[in-house]
Amino acid sequence: MLTDQITAKEFEELFRKNYTRYYYFAYDFLEQEEESRDVVAEAFMSVWKNHANVERDKLQSYLFTSIRNKCITQLGKHKRVCRLSDEMIHALAAETETEWLEREERISKIEQELDNLSDRTRYVLEQCYYQHRSYRDVATELGITTDGVKKHITTALKQLRAKFNTEKQKN
């Protein structure tokens, strides 16, 4: 631990005096107002958590480095999302009208079959698959165990497979 630590009051003053400068530094990278604010806030929080290990005279460079690194991470996320979006656009553009109609019909059939599930099983499936909630969260909300959630998921998938395998065999 360093002996020349910055105090909370000094850190707050550093924040007030330099926030705009750090914001524009982040904005130059991200070109997004809200993201730039978030990155600067995260950097300050991160630095404050580690302030006991940061030398007072290196604090500003530490902040700039932290903000730059967080911006680079954000830009990497944007790039992945853009790449996935481009792939999706190309896939959809290559899809014929017949393929699109077939896909929409399959989705409609799945939604109809979901209506045949019990309310609780359908709710568990929707929360876990559509809302991307964890089994633990859903279990806590419903007052059941995670194994109970797994049983609902298994039941739902079993019913869906049975319906669509039977339908597939007919065709």
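Up top you'll find the structure we're talking about.
All of these numbers come straight from a predicted model, not from anything done at the bench. (Residues numbered from 1 in each chain as written. Predicted model: local features only at pLDDT ≥ 70, side-chain atom pairs only at ≥ 80, totals over all residues. Heavy atoms only, no water.)

Caption draft 1: A look at the packing of aromatic side chains. This structure, assessed with the given rule, holds ten aromatic pairs. Seen in terms of ring centroids, Y22 and F64 are 4.8 Å apart; in terms of plane orientation they differ by 65 degrees. Their pairing is edge-to-face. Of the two residues, Y22 sits in helix α1 (residues 8-30) while F64 sits in helix α3 (residues 59-94), which places them 42 residues apart along the sequence. By relative accessible area, Y22 is classed as buried at 0%. Within the aromatic cluster, the residues linked to one another by ring pairs are F11, F15, Y19, Y22, Y23, Y24, F25, Y27, F44, W48 and F64. Against the face of Y22 rests R21, its NZ or CZ located 5.8 Å from the ring centre. (Phe/Tyr/Trp six-rings, centres within 6.5 Å; stacked < 30°, edge-to-face > 60°. Helix = DSSP H or I, 4+ residues; strand = E, 2+ residues; numbered from the N terminus. Buried < 20%, exposed > 50% of the residue type's maximum accessible area, 1.4 Å probe, protein only. Lys NZ or Arg CZ within 6 Å of the ring centre and 35° of its normal.)

Caption draft 2: Highlighting the packing of helix α5 (residues 119-130) against helix α6 (residues 135-142). Contact geometry of α5 with α6 gives a least axis separation of 9 Å together with a crossing angle of 145 degrees. Note on packing geometry: the crossing formed by α5 with α6 is right-handed. Across from R120, Y123, V124, Q127, C128 and Y129 in α5, the residues of α6 making contact are Y135, V138, E141 and L142. (Axes fitted to C-alpha atoms, helices over the stretch in contact; angles between N-to-C directions. Left-handed = near helix turned anticlockwise from the far one by under 90°. Contact = heavy atoms within 4.5 Å.)

Caption draft 3: Expanded view of the side chain of S36. One can find S36 in helix α2 (residues 33-49). Overall, the relative accessible area of 0% leaves S36 in the buried class.

Everything listed is a geometric property; what it means functionally is a separate question.
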